[in-house]
Amino acid sequence: MAIMHHLTDSLLMAHAAGQLPEAFGLVVATHVSLCDECRARLAAFETVGGVMLDGCGEAAMSEGSLEATLARIAGRPPEAPRQAPRPGIFPAPLRDYVGGDLGAVRWRGVGGGVRQAIIPTSRAATVRLLHIPGGMAVPDHGHRGIELTLVLKGAFRDAGDRFARGDVEVATEADRHTPVAEPGDACICLAATEGPLRFTALLPRLAQPFLRI
Amino acid sequence: MLTGTLLADNVDAPLLTPTGAIEARQRASARGRQELAASQAQGPDWVAEVLAVRDRRDQRAFAALFRHFAPRVKSFLLRAGAGEALAEECAQEVMATLWHKAHLFDPARASVSTWVYTIARNRRIDALRRQRRPEPEELPWGPEPEPDPDDALVMQQETERLGAAIARLPDKQRDLIERAFYGDLSHSEIAEATGLPLGTIKSRIRLALERLRHQLG
Ligand SMILES: [Zn+2]
């Protein structure tokens, strides 16, 4: 099935410029791994970076820097050959962070059959895997700022739109969205939020600090 | 903080149809041949130098790349806030990475400047922000071992055209774009900088991806 829901230009440009928090970068890289359209758009923004590099002037390298660099090169083992793509649910960037595929995830229940696994990243934003049983609503995150939800397995519906593997929903706090997993198999998503996620619908606020373990 | 303005835009153009893609390729290819002579007169062929490093571990080619790109990478890192010693260290590291990753360079999808930029950007995130940089999965089939010189040339020219287009932008917009890439722009401001003439380049890259997939299948 073709991917229907993509990343925005500003997210792709911010990623190309190296300005996204790591948590958002992981969702962007995972979507791009599945989506040639966004891979091409990201590469187009990276071309702008190439233009910036061309135009940013020259700063003199120190004496003997070429020789130092060649010594650096000689002192390093050759690159490992390209790894064959491994079958599985998680594209490579996500697999690298999790340390394996879906089976390697250490889930924690957060109520209502919903499970989550926080992926450690820099603290500017939070990214987690969510396991939503079929027919269940994704918990109301009560998030601030922007939220990205990328489907890896199964599907959810939100306000008439269907999101399946590879689709990413880009939402703000202004969108009062309520994604609901389609009946049947559980829906596995990768969700990035600014700041700590608050499961307001499921848990008293006092419990939140313990969620982020 | 990111803000909702990151939502202000969305996917722009629809995918090229297969017919449109072929026509675009033919047009680009013809143009590439026409401009071959002109472009070759302009300066060194950086693509050929990278391929010489990849295929022959050619130190002369590497030295030429180093003389051109290392001072630019260092300048870029200084502008992005690195101190002199760190910028020097990172620029050397970026050039060493160019050597080691030369087999991943695909001239049908990026000019050498763009590729070096991505290495420098990742190095900057690593050294200045001390956070990991999640990278998309590399395409399993990788670049073609013998890239079509036309493809490489057209990508090079498209990058130059984009440079000229950016140079013609109003000062205010160009300033926003520069600040976005040097890292002193908030994410909400980045949304204002996204209106760039990238359609042709995106189509070229999309085409290169499609052809790689086609070759595999
Ligand atoms: Zn996409």
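Being a predicted model, the structure only gives us computed values, none of them experimental.

Draft legend 1. Representation of the overall build of chain A. When you go through chain A residue by residue, the secondary structure sums to six helices and nine strands. Expressed as a percentage of the 213 residues in chain A, the buried residues total 59%. For chain A, the proportion of contacts with a sequence separation of at least 24, taken over those separated by at least 6, is 67%. When the accessible surface of chain A is summed, it comes to about 8,800 Å², and 55% of that surface belongs to carbon and sulfur atoms.

Draft legend 2. Just the coordination of the zinc ion, in detail. Residue and element names in this part refer to chain A. Coordination sphere of the zinc ion, protein contribution only: His6 (ND1), His31 (NE2), Cys35 (SG) and Cys38 (SG), at 2.1 to 2.3 Å. Considering all four donor atoms around the zinc ion, the spread of angles at the metal, 95 to 129°, places the coordination shape in the tetrahedral class. Written as a sequence motif, the donor residues of the zinc ion are H-x24-H-x3-C-x2-C.

Draft legend 3. How the structure looks around the pattern of salt bridges. For the structure on display, the rule yields 26 salt bridges over all chains. One salt bridge in this structure joins Glu58 of chain A and Arg72 of chain B, with 3.4 Å as the shortest N-O distance. Of this pair, Glu58 of chain A sits in the loop between α3 (36–55) and α4 (65–74) while Arg72 of chain B sits in helix α3 (residues 59–79), on two different chains. The exposure class of Arg72 of chain B is buried, given its relative accessible area of 14%. A salt bridge links Arg179 of chain B to Asp175 of chain B; the shortest N-O distance between them is 3.7 Å. With Arg179 of chain B and Asp175 of chain B both in helix α7 (residues 171–182) and four residues apart, this pair spans about one turn of that helix. Among the residues examined, Arg179 of chain B registers a relative accessible area of 26% and is labelled partly exposed.

Draft legend 4. Spatial organisation of the interface of chain B and chain A. Listed as interface residues are 84 residues of chain B and, on the opposing side, 72 residues of chain A. With both chains or domains summed, chain B and chain A bury close to 7,100 Å², and 62% of this area falls on carbon and sulfur atoms. Linking chain B with chain A are seven salt bridges. Here Arg72 of chain A makes a salt bridge to Glu93 of chain B, at a shortest N to O gap of 2.6 Å. Our count for the contact surface shared by chain B and chain A stands at 23 residue pairs in polar contact (both at pLDDT 80 or more). Those elements giving two or more residues to the side of chain B that touches chain A turn out to be α3, α4 (84–100), α5 (112–129), α6 (149–167), α7, α8 (187–190) and α9 (199–216) of chain B. Residues of the side of chain B that touches chain A, tallied by class, amount to 43 nonpolar, 20 polar and 21 charged.

Draft legend 5. Just the nonpolar core, in detail. With 105 residues, the main nonpolar core has Leu129 and Leu190 of chain A as its most contacted residues. The element that contributes the greatest number of residues to this core is α3 of chain B, accounting for 11 residues. Counting residues in each nonpolar core, the second largest holds 12 residues, with Val138, Phe163, Ala181 and Cys189 of chain A among its members.

Draft legend 6. How the structure looks around the environment of Leu176 of chain B. The residue Leu176 of chain B is located in helix α7 in this model. With 17 residues separating them in the primary sequence, Leu176 of chain B and Ala193 of chain B have C-alpha atoms 5.8 Å apart.

Draft legend 7. Structural context of the packing of aromatic side chains. Inspection of every chain in the model, using the stated rule, returns eight aromatic pairs over all chains. Arranged with centres 5.4 Å apart and planes meeting at 65°, the rings of Trp46 of chain B and Phe69 of chain B form a pair that is edge-to-face. Remark: Phe69 of chain B occurs in helix α3 and Trp46 of chain B occurs in helix α2 (residues 46–56); sequence separation between them is 23 residues. Assessed through its relative accessible area of 14%, Trp46 of chain B is described here as buried. Arranged with centres 6.2 Å apart and planes meeting at 50°, the rings of Phe62 of chain B and Phe66 of chain B form a pair that is tilted. Highlighted residues: Phe62 of chain B and Phe66 of chain B, both in helix α3, separated by four residues, approximately one helical turn. By relative accessible area, which is 4% here, Phe66 of chain B ends up buried. These aromatic residues form a ring-pair network of at least three members: Phe76, Tyr117, Phe181 and Tyr182 of chain B. Residue placement shows Arg132 of chain B over the ring face of Tyr97 of chain A; its charged tip is 3.9 Å from the ring centre.

Draft legend 8. Spatial organisation of α5 of chain B. Residues and elements named next belong to chain B. Its 18 residues give α5 an end-to-end C-alpha distance of 25 Å, which sits within 8% of 26 Å, the value for a rise of 1.5 Å per residue. Along α5, 13 of the 18 residues are buried, which leaves the element largely enclosed by surrounding structure. Immediately downstream of α5, the backbone of Arg130 shows phi near 50°, a positive value.

Draft legend 9. Examining the pairing of strand β3 (residues 125–132) of chain A more closely. All names here are of chain A. Burial runs high along β3: eight of the eight residues are buried. In β3, alternate side chains face the same way, and those of Ala125, Val127, Leu129 and His131 on one face and Thr126, Arg128, Leu130 and Ile132 on the other are all buried. Across five bridges, the pairing between strand β2 (residues 114–119) and β3 is antiparallel. Residue pairing in the sheet places Ile118 in a bridge with Arg128 of β3. Summarising the sheet, β3 and strand β9 (residues 187–194) pair through eight bridges and their orientation is antiparallel. By the bridge assignment, Ile132 is partnered in β9 with Cys187.

Rules used throughout
Residues numbered from 1 in each chain as written. Chains lettered and ligands numbered in written order. Predicted model: local features only at pLDDT ≥ 70, side-chain atom pairs only at ≥ 80, totals over all residues. Heavy atoms only, no water. Helix = DSSP H or I, 4+ residues; strand = E, 2+ residues; numbered from the N terminus. Buried < 20%, exposed > 50% of the residue type's maximum accessible area, 1.4 Å probe, protein only. Contact = heavy atoms within 4.5 Å. Areas by Shrake-Rupley, 256 points an atom, 1.4 Å probe, with all protein chains shown as cover. Donors = N, O, S within 2.8 Å, 3.2 Å for Na, K, Ca; no water. Tetrahedral: all angles 85-135°; square planar, octahedral: opposite > 155°, others 65-115°. Salt bridge = Lys/Arg side-chain N within 4 Å of Asp/Glu carboxyl O. Buried area = accessible area lost by both parts, 1.4 Å probe. Polar contact = N/O pair within 3.5 Å; in protein donor to acceptor, adjacent residues only side chain to side chain. Nonpolar A, V, L, I, M, F, W, Y, C, P; charged D, E, K, R; others polar. Core = buried A, V, L, I, M, F, W, Y, C linked by side-chain atoms within 4.5 Å. Phe/Tyr/Trp six-rings, centres within 6.5 Å; stacked < 30°, edge-to-face > 60°. Lys NZ or Arg CZ within 6 Å of the ring centre and 35° of its normal. Expected span 1.5 Å × (residues − 1). Pairing = 2+ DSSP bridges.

Any functional reading would require information that these geometric values do not contain.
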